[in-house]
Amino acid sequence: MKFVDEYRDSATAKKLLKAIDKVTTQPWNIMEVCGGQTHSIIKHGIDQLIPSAINLIHGPGCPVCVTPLQAIDKALEIAKQANIIFCSFGDMLRVPGSEQDLLALKAQGADIRVVYSPLDALKLAQQNTDKQVVFFAVGFETTAPTVALAVYQAKRQQINNFSALVSHVRVPPVMQQLLSSKDNKVQGFLGAGHVCTIMGYHEYLPIAAQYHIPIVITGFEPVDILQGLYLCIKQLEQGKSEVENQYSRVVNQQGNQPAQQLLKQVFKVVDQNWRGLGEIPQSGLALSDEYAQWNAEQRFLVATIKTQEPKNCRSGEVLQGLLKPEGCAEFAKSCTPEHPLGATMVSSEGACAAYYHYRSHHV
Ligand code: SF4
């Protein structure tokens, strides 16, 4: 398949590995921002094939993993009310809330449905006018435009039994937060290719300049990642700090401008709580005042729910690249994909789940 097969080609991968080996003269810490990249790195053993001087740090770019516990508790609170059809992407159903998850609530009889798009939830609202249909809107700038479109359509068509429980997050502020931390070890980034498909990469230019750090926008296939690493290491070795685009078959500097305009119209930028990372200024999206009528938090009076995260889960450190999953005492013992303690074990993009599935730590 064009644009896929050549990015899985072993001969090209071997050439890139040789090039990485040749260009590396000293240790470097590089963070892959996106959970999809983490999954690919661990699945293909890329971290074990590159020189041991290169330390890959798994970043916070898994949307399921960073959705705060209180958002799950709000979802549970809404979904258990009468006359509700609660819609969500499948991964969110197994993320543990304070007391249970959405799947357990569904087993108890709540009408919770997996949908593939917020527009499916909007259609359900049109088909079930005697019910309230709520969509659980999580994820990065990649998924936010489809939610914006659903809410925009709901307003235009006055579909008033539809609403969205929004917990969207933005990538650039979390990168800045990580770089500002006194514990920061990251010296180079592989930028999240999918997010840049929508947002372009113009937002990264000031970050690279301010923190003197190379950022290489990178895809998700093994050859993409090796190429991204090669470009990033080359810059580090040459003392450069530029934004480069490895994923040019999909991404350009300006991104998808109609999608960005829709985001601006429907959402406002807000401070946002990230699971394990706490509140990060300007890192979230909430429905703007013009669309407040479609805000499920307000409609179902759950905005004030606050929750503490479980103490024995160290996913916050995993998400900041301060701890590898195997360093957590619960890993593959009390915490497994069947019984996850934290969100990084639930999603296939979560670092803990990737290590569990692709490394031989379990029988
Ligand atoms: S292994 Fe489980 S408990 Fe430990 S950090 Fe990962 S999700 Fe949390």
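Residues numbered from 1 in each chain as written. Predicted model: local features only at pLDDT ≥ 70, side-chain atom pairs only at ≥ 80, totals over all residues. Heavy atoms only, no water.

Caption draft 1: Seen up close, the state of the cysteines. The full count for this structure, using the stated rule, is one disulfide. Disulfide pairing is shown between C62 and C65; the S-S distance is 2.4 Å. Because the sign of the S-S torsion sets the handedness, a value of about 70° for the bond joining C62 and C65 places this disulfide among the right-handed ones. There is no split in this pair, since C62 and C65 are both buried. Residue C34 stays outside any disulfide, its sulfur separated by 8.5 Å from that of C62, the closest cysteine. (Disulfide = S-S within 2.5 Å. Buried < 20%, exposed > 50% of the residue type's maximum accessible area, 1.4 Å probe, protein only.)

Caption draft 2: Spatial organisation of the packing of aromatic side chains. With the rule as written, the count across this model stands at five aromatic pairs. For the pair F331 and Y356, a centre-to-centre distance of 6.4 Å together with 75° between the ring planes defines the contact as edge-to-face. Here Y356 lies in helix α16 (residues 351-358) and F331 lies in the loop between α15 (315-319) and α16, a separation of 25 residues in the sequence. We classify F331 as buried; its relative accessible area is 7%. When the ring centre of Y7 is taken as reference, the NZ or CZ atom of R249 above it lies at 3.5 Å. The ring of Y355 carries the charged tip of R359 above its face, separated from the ring centre by 5.4 Å. (Phe/Tyr/Trp six-rings, centres within 6.5 Å; stacked < 30°, edge-to-face > 60°. Helix = DSSP H or I, 4+ residues; strand = E, 2+ residues; numbered from the N terminus. Lys NZ or Arg CZ within 6 Å of the ring centre and 35° of its normal.)

Caption draft 3: Expanded view of the side chain of E221. Its location among the elements puts E221 in the loop between β8 (215-218) and α12 (222-238). Owing to a relative accessible area of 16%, E221 belongs among the buried residues under this scheme. Excluding residues within four positions of it along the chain, E221 makes contact with V4, Y7, R8, S40 and R249. (Contact = heavy atoms within 4.5 Å.)

Caption draft 4: Structural view of the packing of helix α8 (residues 144-156) against helix α13 (residues 257-266). The contact between α8 and α13 brings their axes to 9 Å, and the two run at 60°. In terms of axis orientation, α8 runs oblique to α13. Along this stretch, α8 crosses α13, giving a crossing that reads as left-handed. Contacts between α8 and α13 involve A144, P145, A148, L149, V151 and Y152 from the first element and A259, L262, L263, Q265 and V266 from the second. (Axes fitted to C-alpha atoms, helices over the stretch in contact; angles between N-to-C directions. Parallel < 35°, antiparallel > 145°, perpendicular 65-115°, else oblique. Left-handed = near helix turned anticlockwise from the far one by under 90°.)

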